[in-house]
Amino acid sequence: MAETRIAKSVFSPSSWFGGKSAPAAARAAPVTPVAPVTAAAPEASAIQPVRAAATPCAAPISTPAPAPASAPTPIAAAPTPAPSAAPAAVWSDPATRGAARAAALASTGVTAAPTGAEASEAAAERKSWLAKLQTGLRKTGTGIQAVFVNAQIDDALYEELESALLMADTGVRATDYLLEDLRRRVKSKMATDAAQVKALLADAIADLLRPLEKPLVIGQYEPTVIMVVGVNGAGKTTSIGKLTKHLANEGASVLLAAADTFRAAAREQLLVWADRNTVEIVSQEGGDPAAVSFDAVTAGRARGKDVVLIDTAGRLPTQLHLMDELKKIKRVITKADATAPHEVLLVIDGNTGQNALAQVKAFDETLGLTGLIVTKLDGTAKGGVLCAIALWTRDRSQDSLNHSPVPVAVYFIGVGEKLEDLETFNAREFAQALLG
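Our subject in this report is the structure included herewith.

The rules we used
- Residues numbered from 1 in each chain as written.
- Predicted model: local features only at pLDDT ≥ 70, side-chain atom pairs only at ≥ 80, totals over all residues.
- Heavy atoms only, no water.
- Helix = DSSP H or I, 4+ residues; strand = E, 2+ residues; numbered from the N terminus.
- Buried < 20%, exposed > 50% of the residue type's maximum accessible area, 1.4 Å probe, protein only.
- Areas by Shrake-Rupley, 256 points an atom, 1.4 Å probe, with all protein chains shown as cover.
- Salt bridge = Lys/Arg side-chain N within 4 Å of Asp/Glu carboxyl O.
- Pairing = 2+ DSSP bridges.
- Axes fitted to C-alpha atoms, helices over the stretch in contact; angles between N-to-C directions.
- Contact = heavy atoms within 4.5 Å.
- Phe/Tyr/Trp six-rings, centres within 6.5 Å; stacked < 30°, edge-to-face > 60°.
- Lys NZ or Arg CZ within 6 Å of the ring centre and 35° of its normal.
- Parallel < 35°, antiparallel > 145°, perpendicular 65-115°, else oblique.
- Left-handed = near helix turned anticlockwise from the far one by under 90°.
- Nonpolar A, V, L, I, M, F, W, Y, C, P; charged D, E, K, R; others polar.
- Patch = residues over 30% accessible without salt bridge, like charges linked within 9 Å, V, L, I, M, F, W, Y side chains within 5 Å.
- Lys, Arg positive; Asp, Glu negative; His and termini not counted.
- Charge placed at Lys NZ, Arg CZ, Asp CG, Glu CD.
- Expected span 1.5 Å × (residues − 1).
- Polar contact = N/O pair within 3.5 Å; in protein donor to acceptor, adjacent residues only side chain to side chain.

1. Examining the overall build of the chain
Counting its regular elements, the chain contains 14 helices and eight strands. Every one of the 436 residues in the chain was classed for burial, and the buried ones make up 49%. Only carbon and sulfur atoms are counted for the fraction: they give 57% of the accessible area of the chain, which is about 19,000 Å².

2. Thoughts on the pattern of salt bridges
Scanning all chains against the criterion turns up twelve salt bridges. Between Asp181 and Arg185 there is a salt bridge, with the nearest N and O atoms lying 3.2 Å from each other. Of this pair, Asp181 and Arg185 both sit in helix α6 (residues 172–189), separated by four residues, roughly a single helical turn. Each member of the pair, Asp181 as well as Arg185, is classed as buried. Here Arg303 makes a salt bridge to Glu280, at a shortest N to O gap of 2.6 Å. Taken together, the residues Arg303 in the loop between α10 (289–302) and β4 (307–311) and Glu280 in strand β3 (residues 280–282) connect sequence positions 23 residues apart.

3. Considering the sheet that holds strand β6 (residues 371–375)
Reading across the sheet, the eight strands line up as β3-β2-β4-β1-β5-β6-β7-β8 and stay open at both edges, with mixed pairing between neighbours. Pairing within the sheet leaves two strands with one partner each, and these edge strands are β3 and β8 (422–424). Between one strand axis and the next, the sheet turns by 25 degrees as a mean value, whatever way the strands run. Summarising the sheet, strand β2 (residues 254–258) and β4 pair through five bridges and their orientation is parallel. Bridged to Leu256 within β4 is Leu309. Here helix α12 (residues 354–367) sits on the sheet in contact with β1 (224–230), β5 (343–349) and β6, set at roughly 160 degrees to β5.

4. Here we look at the packing of aromatic side chains
Describing an aromatic ring pair means giving the distance of the ring centres and the angle of the ring planes. By the definition in use, this model includes two aromatic pairs. Relative to Phe412, the ring of Tyr411 lies with its centre 6.2 Å away and its plane at 45 degrees, an arrangement referred to as tilted. A single burial state applies to Tyr411 and to Phe412, both of which are buried. Taking NZ or CZ as reference, Arg183 lies 4.0 Å from the ring centre of Tyr158, over its face.

5. So, the pairing of β2
Judged by how many residues are buried, β2 sits mostly within the fold: five of five residues are covered. Side chains Val254, Leu256 and Ala258 project from β2 onto one buried face, and the interleaved Leu255 and Ala257 project onto a second face that is buried too. Where β2 and β3 come together, three bridges link them in parallel fashion. What sits directly across from Leu255, in β3, is Glu280.

6. What about the environment of Ala390?
Along the chain, the position of Ala390 falls in helix α13 (residues 385–398). Relative accessible area serves as the criterion here: at 3%, Ala390 is assigned to the buried category. Separated by 183 residues in sequence, Ala390 and Asp207 have C-alpha atoms that sit 9.9 Å apart.

7. Section: the packing of helix α7 (residues 194–209) against α13
The geometry of α7 relative to α13 is characterised by a closest axis approach of 9 Å and an angle of 50 degrees between their N-to-C directions. Taken together, α7 and α13 sit at an angle that is classed as oblique. Note that α7 runs across α13; the crossing there is left-handed. For the pair α7 and α13, contact is made by Ile205, Leu208 and Leu209 and by Leu386, Cys387, Ala390 and Leu391, respectively. Residue composition of the contact of α7 with α13, grouped by class: seven nonpolar, no polar and no charged.

8. Some points on a negative patch on the surface
A surface patch of negative charge is lined by Asp154, Asp155, Glu159, Glu160, Glu162, Asp176 and Glu180. Mapped onto the negative patch, the elements with two or more residues apiece are α5 (155–167) and α6. A total of four residues in the negative patch trace back to one element, the largest contributor, which is α5. As for its position among the elements, Glu159 is in helix α5.

9. What to know about the side chain of Thr244
Here Thr244 is to be found in helix α8 (residues 236–249). For Thr244, a relative accessible area of 0% translates into the label buried. Once you skip the residues sitting within four places of it in the chain, Thr244 turns out to touch Val254, Leu256, Asn277, Val279 and Leu309.

10. Topic: α10
With 14 residues, α10 should reach 20 Å at 1.5 Å per residue; the first-to-last C-alpha distance of 20 Å fits that figure. Most of α10 is tucked away, with eleven of its 14 residues classed as buried. Looking at the packing, one finds that the buried side of α10 touches β1, β2, β3, β4 and α11 (320–336). Among the residues of α10, the N-terminal cap falls to Asp288, whose side-chain oxygen and the backbone nitrogen of Ala290 are separated by 3.2 Å. Where α10 ends, the next residue or the one after it, Gly304, has phi of about 70 degrees, a positive value.

Here it is in structure tokens:
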């Protein structure tokens, strides 16, 4: 007898501002069983929930009772599930999130069309986020914006703009690239005043950053294993807590792994986030980080979790012996699930400027990064480093012999300590906030 699966919408964090369109009661409503799994290819669908393929069994699978978080039971590695050919439920455009979410819910038999009040609330939240982003980037953008005050379109304007971009830690290569692109746009559009040049610079920055704009896919694998790394003090554990909260709010079940066993407070900090978000956690006081990660992945598969988030110890890329331990953690995760980790995210501090680019290069060389979380953009004058990262990741994607052709994405940016201060990255919004 083939396994009977339950259809379930798994939402991307990109739907955070559309999440309130479906009330909690609707999200918790029972869903309709779908047809038994067969070897035939799944039907195409614009937004289709994705569950990992499973082997046939004698009876429907029941969810095992969660084991105590403090003492996870090692589980023998099962055959690795193949990723589904169907796309995961993902959307990133704020204007279409409500409709996409309604379509995903409809696939489960739940009708939850957003009301006018809920749509207005989502729009107000988006406006509030954009205001925070603009405020956070004020120190970066002030020097650039000042160049265009009562300016004439001449060589002096480009020289002042070059200095302003370098002061914003855009970097020499990215600055030269932007200025060359801007000159071409000014000539093509026949711009005659500084305001037009400023708008064209925003377009140039947005186009440079657009390859970094990519939604985080949840649901293509079960569970989606996310390994989070970064240097000490970058905001790694706090970012994991915020991401956990948003995922839980969207109905995704999350399992945390406290694999940062070096720092005494790291485990306690993650336990607080787990308790606050009412999610399970795998931790071992003084245990081996790789062993904790292995237990978490196997437990996440056994308990049917959507996401396993693994917190690793912060370290400098110059500490080669500690970077080798990160390699070991990744190898052990792969033993628990041959397809994992599905995402390797690096958390970087926006205050570090060009040093952040050096961190990205070093961690990518060691682990093969898939995405970034940029924190602490509030109060810094170095937000231009994203332009340098965008130029590097473009070069990296073209070096297909040594790297994946897929660019390293900036999944999230943070402009404060509050939960709502972490949001998905949008190139156009960032460029507009940067230039006011």
